[in-house]
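If you want the building blocks of each chain, they are given just below.
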Amino acid sequence: MNLKKVLTWVVVAFVVFYVIQEPNASADIVRGAGEALGEAASSLAEFVGSLV
């Protein structure tokens, strides 16, 4: 079996285990990532708007 496949499955298994064991912490991580992406998109939109 390919090492890349094994590592991928280990990471997936860890993520699933973490989500099951710590759902509130997992939700906080996803929420934080979403907020960061939203802020980045807002900043990019502001930058493009200032060019026009």
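Up top you'll find the structure we're talking about.
About the criteria used
Residues numbered from 1 in each chain as written. Predicted model: local features only at pLDDT ≥ 70, side-chain atom pairs only at ≥ 80, totals over all residues. Heavy atoms only, no water. Helix = DSSP H or I, 4+ residues; strand = E, 2+ residues; numbered from the N terminus. Salt bridge = Lys/Arg side-chain N within 4 Å of Asp/Glu carboxyl O. Buried < 20%, exposed > 50% of the residue type's maximum accessible area, 1.4 Å probe, protein only. Polar contact = N/O pair within 3.5 Å; in protein donor to acceptor, adjacent residues only side chain to side chain. Contact = heavy atoms within 4.5 Å.

## Quick notes on the environment of Phe47
Tracing the backbone shows Phe47 in helix H2 (residues 23-51). Counting along the chain gives 16 residues from Phe47 to Arg31, while the straight-line C-alpha distance between them is 24 Å.

## Observations regarding the pattern of salt bridges
Between side chains of opposite charge, a pair can form as their charged atoms come close. In this structure the tally under the stated criterion is one salt bridge. Between Arg31 and Asp28 there is a salt bridge; the shortest N-O distance is 2.7 Å. Taken together, the positions of Arg31 and Asp28, both in helix H2 and three residues apart, correspond to about one turn of that helix. A relative accessible area of 49% means that Arg31 is categorised as partly exposed.

## Structural notes on the side chain of Ser26
Tracing the sequence through the fold places Ser26 in helix H2. Judged by its relative accessible area of 9%, Ser26 is buried. There is a polar contact of 2.8 Å between the side chain of Ser26 and the backbone oxygen of Glu22. Excluding anything up to four places from it in sequence, Ser26 contacts Tyr18 and Val19.

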